[in-house]
Amino acid sequence: RSGAGVGGFMGAYGGHKDPLLLSQAREALDLARQLKDDAAICSATFMLVQYSWSPDNAVERRDLSDEACAAAKRTEVGFRDHPLVQRSYLALELGDIAGFRQVTAELAELLEHARFKPLSYLVPSHAVTLHMAQGQLELAEAARAEYASAAENPDAGMTAVGQLSNIRDLQGRFGELEPLW
């Protein structure tokens, strides 16, 4: 490819803002744009969004993710790094519930078309998140239990545990989880 994968996943989460990684990600994106390589644009924007994470740049990261989503429509993109996944989290981070719903629907369609089992928990976990955001904690708990019991993927299990923690906290019942620690 065009070097867009520079840096791999090292330091990809948590807003490390390593100057070298940020520089390499920006260079990779510039090169991908120059080459008009849509797959490389998707990869480079994914990494740049991850490397540049900070609470104060959500709009900038959303715009990059939107660029990647547009590029993904023009090419084949691996699902694990599909920009829709990142875009869904950014919509939620920005409080864009309508955008979160829309992206979740697009994810559902993409997952159905791709028949990509490892991330099949994303859509039901997004439904749990939406229920929590709307204060529908009983629905959130039921939806979480349903997908968690069917999950074969460790990421799904971790997500389900995290969501249970959030639900119990919102219910004022966080102490019930203490025996699990």
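Computed from a predicted structure; not experimentally measured. (Residues numbered from 1 in each chain as written. Predicted model: local features only at pLDDT ≥ 70, side-chain atom pairs only at ≥ 80, totals over all residues. Heavy atoms only, no water.)

1. Describing the packing of aromatic side chains
In plain terms, the rule: In this analysis, rings of Phe, Tyr and Trp, with Trp reduced to its six-membered ring, are considered paired at centre separations within 6.5 Å, and the interplanar angle assigns stacked below 30 degrees, edge-to-face beyond 60, and tilted for intermediate values. Runs of E in the DSSP output that reach at least two residues are strands. Runs of H or I that reach at least four are helices, and both are numbered from the N terminus.
Scanning the model with the defined rule gives one aromatic pair in all. For the ring pair Y121 and Y147, a centre distance of 6.5 Å and an interplane angle of 20 degrees mean the geometry is stacked. Here the residue Y121 occupies a position in the loop between helix 5 (97-114) and helix 6 (122-133), and Y147 occupies one in helix 7 (residues 137-150), the gap between them amounting to 26 residues.

2. Considering the side chain of Q86
Basically, it comes down to this: Relative accessible area decides the class of each residue, using a 1.4 Å probe on protein chains only: under 20% of the type maximum gives buried, over 50% gives exposed, and in between gives partly exposed. Polar contact criterion, stated in full: a pair of N or O atoms within 3.5 Å, where within protein one must be able to donate a hydrogen and the other to accept it, and residues adjacent in sequence count only if both atoms are side-chain atoms. Contact definition: two residues touch when any of their heavy atoms are within 4.5 Å.
Tracing the backbone through its elements, the reader meets Q86 in helix 4 (residues 83-93). With relative accessibility at 6%, the residue Q86 sits in the buried group. A distance of 3.2 Å separates a polar side-chain atom of Q86 from the backbone oxygen of F46. Polar side-chain contacts of Q86 include one of 2.8 Å to the side chain of Q50. Residue contacts for Q86: discarding those within four places in its chain leaves T45, F46, V49, Q50 and S65.

3. Comments concerning the packing of helix 1 (residues 19-35) against helix 2 (residues 38-51)
Where we set the bar: Comment: axis = line fitted to C-alpha atoms, over the contacting stretch for helices; angle = value between 0 and 180 degrees taken between N-to-C directions. Oblique is the label for every angle not falling under 35 degrees (roughly parallel), over 145 degrees (roughly antiparallel), or within 65 to 115 degrees (roughly perpendicular). It is the rotation of the near helix from the far one that decides the hand of a crossing: anticlockwise by less than a right angle makes it left-handed, clockwise makes it right-handed. Each residue gets one of three labels, nonpolar for Ala, Val, Leu, Ile, Met, Phe, Trp, Tyr, Cys and Pro, charged for Asp, Glu, Lys and Arg, and polar for the others, Gly among them.
Between helix 1 and helix 2, the shortest axis-to-axis distance is 8 Å and the interhelical angle comes to 155 degrees. Taken as axis vectors, helix 1 and helix 2 run roughly antiparallel relative to one another. Judged by the sense of rotation from one axis to the other, the crossing of helix 1 with helix 2 is left-handed. Across from L21, L22, A25, R26, A28, L29, A32 and R33 in helix 1, the residues of helix 2 making contact are A40, I41, A44, T45, M47, L48 and Y51. For the contact of helix 1 with helix 2, the residue count by class is twelve nonpolar, one polar and two charged.

4. Things to note about the packing of helix 4 against helix 5
The relative placement of two packed helices comes down to the angle between their axes together with the axis-to-axis distance. At a minimum axis distance of 8 Å, the contact between helix 4 and helix 5 shows a crossing angle of 160 degrees. Taken together, the axes of helix 4 and helix 5 lie roughly antiparallel to each other. Considering how the two elements wind past one another, helix 4 and helix 5 form a crossing that is left-handed. Together, L84, V85, R87, S88, A91 and L92 of helix 4 and I97, G99, F100, V103, E106, L107 and L110 of helix 5 make up the contact between the two elements. Looking at the contact of helix 4 with helix 5 residue by residue, the class counts come to nine nonpolar, two polar and two charged.

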